[in-house]
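Each chain, letter by letter, is given below.
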Amino acid sequence: MQISDYQLRKLRNYLNGEIGIFVEDSKMQSIYRRKILKLLKEKGYEDFEDFYKNLVLNKIPLLRQDLINIFMVNETYFFREKYQFDTLINYVLPEIDLLRPKNEVINILCAPVSTGEELYSIAIMLMEEGNLINKRDFMLLGIDIDSDAIEKAKKGIYSERSVHKLPEEIKEKYFVKTGNKYRVKDFLRKAVNFKIANIMDKYQMKKLGMFDVIFSRNMLIYFDEKSKREVIATFYSMLKNDGYLFLGHAERVPEDITLFKSLKLGDSFVYKKAVDS
């Protein structure tokens, strides 16, 4: 079975409309053609057009999810770009703690969360700081469209590579080592929540609730300009007043978008929700 360049473009455009990512022709041909062929064979398809019909017209959910999963990039590790977590703990959360009523839960969202290292890192930082979680409750939620990644996050079992930036005392305190794997201890696993969700689905995102802080690192670089602006607007609508957005070090909110105010706190550039006075 063969997949033509035209068929690859059809599939690329479908994914762009569904989840916002845009994959260049060269990558579709050199990387993803082989992966798509493997998926079709695993699912028993002998013709691309039959596959595409079931995907787009018949809208078979599991087929869609399996296709999405092969396009997701899940390379991450604990304490990646730790200076942003330091900014969260030392600047952002103390400010939010002063602004919010004492009985109000502080909500933090990681979108996308990939395999969970980022959200667990935030939980560890909160537990290590200690004062904030003794004063009030926190709700930590991670979402991703990749169902395999969410399943791994829920299990909380990681490789040496994933924990290589963690000090030994942190590993001993928060993980159980089994062979060459590290399993998150139950008390840490119970401190976080994970869900499958599509960031491009505005209704699905709205149902998640309102948040004080949103982390969305190293996702927008894969989006085209239209999708990027839609996601930024979605994040704005999901943030409470005076809420903060953290992006990856190579990502920026376009200057002509006035929904956020750019600030430098500690070593991080962050975006604070702009609220009309």
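The shown structure was predicted, so the numbers you read here are calculated from the model rather than taken from an experiment. (Residues numbered from 1 in each chain as written. Predicted model: local features only at pLDDT ≥ 70, side-chain atom pairs only at ≥ 80, totals over all residues. Heavy atoms only, no water.)

For the protein, the helix and strand inventory stands at 12 helices and 10 strands. A globule of 277 residues ought to have a C-alpha radius of gyration of about 19 Å, and the protein, at 20 Å, matches this closely. With the C-alpha coordinates of the protein rotated into their principal frame, the extents come out at 60 × 55 × 30 Å. Counting over 277 residues, the protein shows a buried share of 49%. Contacts in the protein between residues far apart in sequence, at least 24 positions, make up 75% of those at least 6 positions apart. Surface accessibility of the protein: about 14000 Å² in total, with carbon and sulfur atoms responsible for 50%. The distance from the centre of the 46 positive side-chain charges to the centre of the 41 negative ones in the protein is 2 Å. (Helix = DSSP H or I, 4+ residues; strand = E, 2+ residues; numbered from the N terminus. Rg over C-alpha atoms; globule rule 2.2 N^0.38 Å. Buried < 20%, exposed > 50% of the residue type's maximum accessible area, 1.4 Å probe, protein only. Contact = heavy atoms within 4.5 Å. Areas by Shrake-Rupley, 256 points an atom, 1.4 Å probe, with all protein chains shown as cover. Lys, Arg positive; Asp, Glu negative; His and termini not counted. Charge placed at Lys NZ, Arg CZ, Asp CG, Glu CD.)

Let's shift gears to the nonpolar core. Ranked by internal contacts, the top residues of the largest apolar core, which has 49 residues, are I36, F51, L67, F71, I143, F235 and L245. Looking at this core, the elements with two or more residues in it are helix 1 (5–19), helix 2 (25–42), helix 3 (48–56), helix 4 (61–71), strand 2 (138–144), strand 7 (211–216), helix 12 (225–238) and strand 8 (239–247). Ranked by residues supplied to this core, first place goes to helix 2 with six residues. If we ignore the near neighbours within four places in the chain, the residues touching I36 are I3, L8, L11, M28, I70 and F71. Listed in part, the 41 residues of the second largest apolar core include I124, L166, Y174 and L188. (Core = buried A, V, L, I, M, F, W, Y, C linked by side-chain atoms within 4.5 Å.)

With that settled, consider the packing of aromatic side chains. The geometry of an aromatic ring pair is captured by two quantities: the separation of the ring centres and the angle between the planes. One pass over the structure, following the stated rule, counts 14 aromatic pairs. With 5.6 Å between their ring centres and 80° between their planes, Y45 and F51 make a pair best called edge-to-face. For F51, a relative accessible area of 0% gives the class buried. Arranged with centres 5.0 Å apart and planes meeting at 90°, the rings of F78 and Y158 form a pair that is edge-to-face. Of the two residues, F78 sits in the loop between helix 4 and helix 5 (82–99) while Y158 sits in strand 3 (residues 157–159), which places them 80 residues apart along the sequence. Taken individually, F78 and Y158 each receive the classification buried, so the pair is uniform in this respect. In textbook terms, an aromatic cluster arises when at least three aromatic residues are bridged by ring pairs, as seen for F78, Y120, Y158, F175, Y182 and F194. Directly above the aromatic system of F269 lies the positively charged group of K264, at a separation of 5.9 Å from the ring centroid. Above the face of the Y236 ring, K273 is positioned so that its terminal group lies 4.5 Å from the ring centre. (Phe/Tyr/Trp six-rings, centres within 6.5 Å; stacked < 30°, edge-to-face > 60°. Lys NZ or Arg CZ within 6 Å of the ring centre and 35° of its normal.)

On to the pattern of salt bridges. One pass over the structure, following the stated rule, counts 25 salt bridges. A salt bridge links R217 to E81; the shortest N-O distance between them is 3.7 Å. Pair noted here: R217 is in the loop between strand 7 and helix 12 and E81 is in the loop between helix 4 and helix 5, with a separation of 136 residues, a long-range link. Judged by relative accessible area, R217 falls into the buried class, the value being 8%. For E81, a relative accessible area of 15% gives the class buried. A salt bridge links R229 to E225, with the nearest nitrogen and oxygen atoms 3.0 Å apart. Within this pair, R229 and its partner E225 are both found in helix 12, separated by four residues, close to a single helical turn. One network of salt bridges, in which partners are shared, links R100, E104, D212 and K240. (Salt bridge = Lys/Arg side-chain N within 4 Å of Asp/Glu carboxyl O.)

This part is about the side chain of K171. Here K171 shows up in helix 9 (residues 168–174). Looking at K171, the relative accessible area reads 9%, which means it is buried. Not counting the four nearest positions on each side in its chain, K171 is found in contact with V163, L166 and Y182.

A few words on the sheet that holds strand 4 (residues 175–178). Ordered in space as 3-5-4, the three strands form an open sheet in which the pairing is antiparallel. The sheet is open, and its two borders are formed by strand 3 and strand 4, each paired with just one other strand. On average, each strand axis in the sheet is tilted by 30° relative to the strand beside it, whichever way the strands run. Two strands pair when backbone bridges link them, and strand 4 and strand 5 (residues 181–184) are joined in this way by four bridges, in the antiparallel orientation. Residue pairing across strands places F175 opposite V184, the latter belonging to strand 5. (Pairing = 2+ DSSP bridges. Axes fitted to C-alpha atoms, helices over the stretch in contact; angles between N-to-C directions.)

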